[in-house]
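What follows is the residue order along each chain.
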Amino acid sequence: MIISASRRTDIPAFYSTWLLNRLRAGFAIVRNPFNSSQVSRIDLNQDVVDCIVFWTKDPARLLPHLSEIDQLGYPYYFQFTLNGYGKRIERNVPSESQRIATFVKLANKIGSNRVIWRYDPILVSSDFSVDYHYQRFRQIAASLSGYTKRCVISFVDEYVKTKRNMKYIGLKRMEQDQVFQIAKTLASIGQQ
């Protein structure tokens, strides 16, 4: 079983203590987000867990505990989101420079092959143009050079809730050919 920690909330950033307690205990109790009366016990012992994938924008609080997770016998890697939007979009995350420093520290501790950089979601607006993304991606890629071997990108999905929440930045709809061109250009920058 692969544990995806976490898609609903940033467990490494906000719930490291809870996570360590659950790994030590070998199980977690999980409430279904769509049916609050449905509660499941999930085994987390090393016999059933093949890997833990940590999805995070800030793993700093988990860094001091990685040796314990190693000693407990859990294989893991990180999907680390770093996209350079700043406080306009991401109000509650540390500064970009702090997160880059954490990224470097994490990669030095566990290896660059176990830290995947996520530049996502890509959104285009009057404040965040396509050229903005090329420039920011280039700058972040230069800072992370040697500390990761892979970058994953994705584009914002235009759900009703996304449109409503992003209305204040003037979210622009991207056509398929524009998405392909952005992806191609970012791939070229990444290869450099």
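The rules behind these values
Residues numbered from 1 in each chain as written. Predicted model: local features only at pLDDT ≥ 70, side-chain atom pairs only at ≥ 80, totals over all residues. Heavy atoms only, no water. Helix = DSSP H or I, 4+ residues; strand = E, 2+ residues; numbered from the N terminus. Buried < 20%, exposed > 50% of the residue type's maximum accessible area, 1.4 Å probe, protein only. Axes fitted to C-alpha atoms, helices over the stretch in contact; angles between N-to-C directions. Left-handed = near helix turned anticlockwise from the far one by under 90°. Contact = heavy atoms within 4.5 Å. Nonpolar A, V, L, I, M, F, W, Y, C, P; charged D, E, K, R; others polar. Pairing = 2+ DSSP bridges.

K.L.:
I keep staring at the environment of Leu44 and nothing clicks. Help me out?
P.N.:
Mapped onto the fold, Leu44 is located in the loop between strand 3 (35–43) and strand 4 (51–56). A residue is classified by how much of its surface remains accessible, and Leu44, at 8% relative accessible area, is buried. Leu44 sits 107 residues away from Cys151 along the chain, and the two C-alpha atoms are 28 Å apart.

K.L.:
Looking at this structure, I do not really get unusual backbone geometry. What am I missing?
P.N.:
Among all residues except glycine, the phi angle is most often negative; among peptide bonds, the trans geometry is most common. In the segment running from Asp120 into Pro121, the intervening peptide bond is cis, with an omega of -5 degrees. Tracing the backbone shows Pro121 in strand 6 (residues 115–122).

K.L.:
Just checking my understanding: could you explain the packing of helix 4 (residues 96–110) against helix 5 (residues 130–144) for this structure?
P.N.:
What describes two packed helices is the angle between their axes and the distance between those same axes. Put simply, helix 4 and helix 5 touch, their axes get as near as 10 Å, and they point 35 degrees apart. Helix 4 and helix 5 meet at a crossing whose hand is right-handed. Every residue of helix 5 that contacts helix 4 at Glu96, Ile100, Phe103 and Val104 is listed here: Arg136, Ile140, Ser143 and Leu144. For the contact of helix 4 with helix 5, the residue count by class is five nonpolar, one polar and two charged.

K.L.:
Looking at this structure, I do not really get the sheet that holds strand 1 (residues 2–5). What am I missing?
P.N.:
What holds strands together in a sheet is hydrogen bonding between their backbones, with the strands either parallel or antiparallel. Spatially, five strands are ordered 1-4-5-6-7 in an open sheet, and the strand pairing comes out parallel. Each edge of the sheet is formed by a strand with only one pairing partner; in this case those strands are strand 1 and strand 7 (151–155). Taking each pair of neighbouring strands and ignoring which way they run, the sheet shows an average axis angle of 20 degrees. Summarising the sheet, strand 4 and strand 5 (residues 76–81) pair through five bridges and their orientation is parallel. Counterpart to Val53 in the pairing with strand 5 is Tyr77. The sheet strands contacting helix 5 are strand 6 and strand 7, and the helix crosses strand 6 at an angle near 170 degrees. Taken strand by strand, helix 7 (residues 176–191) contacts strand 6 and strand 7, and its axis lies near 165 degrees from that of strand 7.

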